[in-house]
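# Residue-level structural notes
One-letter residues, chain by chain:
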Amino acid sequence: MTTPPDKTPDRIAGMFDAIAPRYDLLNHVLSAGIDRRWRARAIRSLRLTGRETLLDVCTGTADVALHACRGGASGPPAARAIGVDFAAAMLSVGRRKLRATGEDRRITLVRGDATRLPMRDGTVDVATVAFGVRNVERPELACGEVARVMRRGGRLAILEFGVPRVPGIGTLYLWYFKCLLPSVGRMVSGHTAAYSYLPASVGTFPSPDEFVRILEQAGFVHVRAHPLTFGIVYLYTAVKR
Ligand SMILES: C[S@@+](CC[C@H](N)C(=O)[O-])C[C@H]1O[C@@H](n2cnc3c(N)ncnc32)[C@H](O)[C@@H]1O
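Worth saying up front: this structure is predicted, and the values here are computed from it rather than measured.

This part takes up the overall build of the protein. Counting its secondary structure elements, the protein contains eight helices and seven strands. Taken over the C-alpha trace, the protein has a radius of gyration of 17 Å; the compact-globule value for 241 residues is 18 Å, and the two agree within 12%. With respect to the three principal axes, the spread of C-alpha positions in the protein is 45 × 40 × 35 Å. For the protein, the proportion of its 241 residues judged to be buried stands at 39%. A separation threshold of at least 6 residues defines the contact pool for the protein, and within that pool the share at least 24 residues apart is 75%.

So, about unusual backbone geometry. A positive phi is found at His222, a non-glycine position, where the angle reads about 50°. Looking at the secondary structure, you find His222 in strand S6 (residues 220-228). Residue His222 is classed as partly exposed on the basis of its 13 C-beta neighbours within 10 Å.

Turning our attention to helix H1 (residues 9-30). Here H1 is 22 residues long, yet its end C-alpha atoms lie only 25 Å apart, well below the 32 Å a rise of 1.5 Å per residue gives. Of all bends in H1, the biggest is about 75°, found at Ala20, and the proline Pro21 comes one to four residues later. When we look at burial in H1, the residues that qualify are Ile12, Phe16, Ile19, Ala20 and Tyr23. Looking at the residues trailing H1, positive phi occurs at Ala32, about 55°.

Attention shifts here to the site of the ligand. Near the ligand lie 22 residues; those nearest to it are Cys58, Gly60, Ala87, Ala114 and Ala130. Elements with a minimum of two residues in the shell around the ligand: H1 and helix H3 (63-70). Sorting elements by how many residues they give to the shell around the ligand places H1 first, with five residues. Split by residue class, the shell around the ligand holds 13 nonpolar, six polar and three charged.

To continue, consider helix H7 (residues 194-203). Since one α-helical turn is 3.6 residues long, residues separated by three or four positions face the same way. Buried within H7 we find Ala194, Tyr195, Leu198 and Pro199. The buried residues of H7 all sit within an arc of 150° when viewed along its axis, so they share a single face. Where the residues of H7 are buried, they touch H1 and helix H6 (169-189).

To continue, consider the sheet that holds strand S3 (residues 107-111). Strands sit in the order S3-S2-S1-S4-S5-S7-S6 across an open sheet of seven strands; the sheet is mixed. Edge positions in the open sheet fall to S3 and S6, since each of these has one partner strand only. Taking the axes of each pair of neighbouring strands and ignoring which way they run, one obtains an average angle of 15° across the sheet. Note that S6 and strand S7 (residues 233-240) share seven bridges and pair antiparallel. Counterpart to Arg224 in the pairing with S7 is Thr237.

Let us look at the packing of H1 against helix H4 (residues 88-101). It is the contact of H1 with H4, at a shortest axis distance of 7 Å, that shows an interaxial angle of 25°. Classified by the angle their axes make, H1 and H4 are roughly parallel. Contacts between H1 and H4 involve Phe16, Asp17, Ala20, Pro21 and Tyr23 on the former and, on the latter, Ala88, Ala89, Met90 and Val93. Here the contact of H1 with H4 is built from residues that sort into eight nonpolar, no polar and one charged.

Counting 65 residues, the largest nonpolar core has Leu54, Val57, Ala65, Ala68, Ala127 and Val146 as the members making the most contacts within it. Contacts of Val146, omitting those with residues within four sequence positions, involve Val57, Ala127 and Leu156.

Extensive coverage of strand S1 (residues 53-57) is indicated by the burial of four of its five residues. Where S1 and strand S2 (residues 80-85) come together, five bridges link them in parallel fashion. By the bridge assignment for S2, Val57 is matched with Val84. In terms of strand pairing, S1 meets strand S4 (residues 126-130) through four bridges, oriented parallel. The residue bridging Asp56 from the neighbouring strand is Thr128, located in S4.

Conventions we followed
Residues numbered from 1 in each chain as written. Predicted model: local features only at pLDDT ≥ 70, side-chain atom pairs only at ≥ 80, totals over all residues. Helix = DSSP H or I, 4+ residues; strand = E, 2+ residues; numbered from the N terminus. Rg over C-alpha atoms; globule rule 2.2 N^0.38 Å. Buried ≥ 20, exposed ≤ 12 C-beta atoms within 10 Å, placed from the backbone. Contact = placed C-beta atoms within 7 Å. Expected span 1.5 Å × (residues − 1). Bend = angle between axes of the 7 residues up to and from the residue. Near = placed C-beta within 6 Å. Nonpolar A, V, L, I, M, F, W, Y, C, P; charged D, E, K, R; others polar. Arc of directions from axis to C-beta. Pairing = 2+ DSSP bridges. Axes fitted to C-alpha atoms, helices over the stretch in contact; angles between N-to-C directions. Parallel < 35°, antiparallel > 145°, perpendicular 65-115°, else oblique. Core = buried A, V, L, I, M, F, W, Y, C linked by C-beta atoms within 7 Å.

Printed below as a string of structure tokens:
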């Protein structure tokens, strides 16, 4: 069995702070731009009407919050968004992007931990977590917190990496993910551990069936796991009970 990587908050926040300046670039390069489609798909699943307050947990550089508040091809935008993350440097990059696009009026970025969200019960309409939950030491606590701050009937969309099961594709992808991606990540970010941590954190994250159960126990219903791009990524959709 693979040993789970160290996910203590200081280590995780420090790692994301270190790669923050190159994070967006690496995301788009290493996923060949498909990450934008995954995020758009997650936002579409929320079926926004233009009136919602959206919470984006583990917001990083605020890509999901920005996309959700700009609408466009994904449909009507959210009325406003709050992004929460504990890595200050990721939030700084995000704030620059918000200022550059004028979205700093509708999107607020707050430094905080996903397992202790700085907001009151039932105060947000919809929530997203993109590629964040696998980094949380106790994902069940973060899911419980997201449920606590959402209003009843609100929609949740979580994107997280998976392990593709399609023969051939699975082997090729694992080679890319475990060999090529850490080397390219190391070269571009200059950080030795961050991009080796990525495959290690994915390999030890609960399976889609297990994660569906975690969400149900946290207080969500209609929980579904949708494989995207051969199961490289899963979109989990759910409704607050
Ligand atoms: C891979 S990045 C994803 C960022 C963004 N959601 C995106 O789609 O690009 C993961 C983010 O989760 C944040 N994170 C991890 N664990 C966290 C926690 N317990 N509380 C708050 N933020 C956390 C990290 O600081 C990092 O910015």
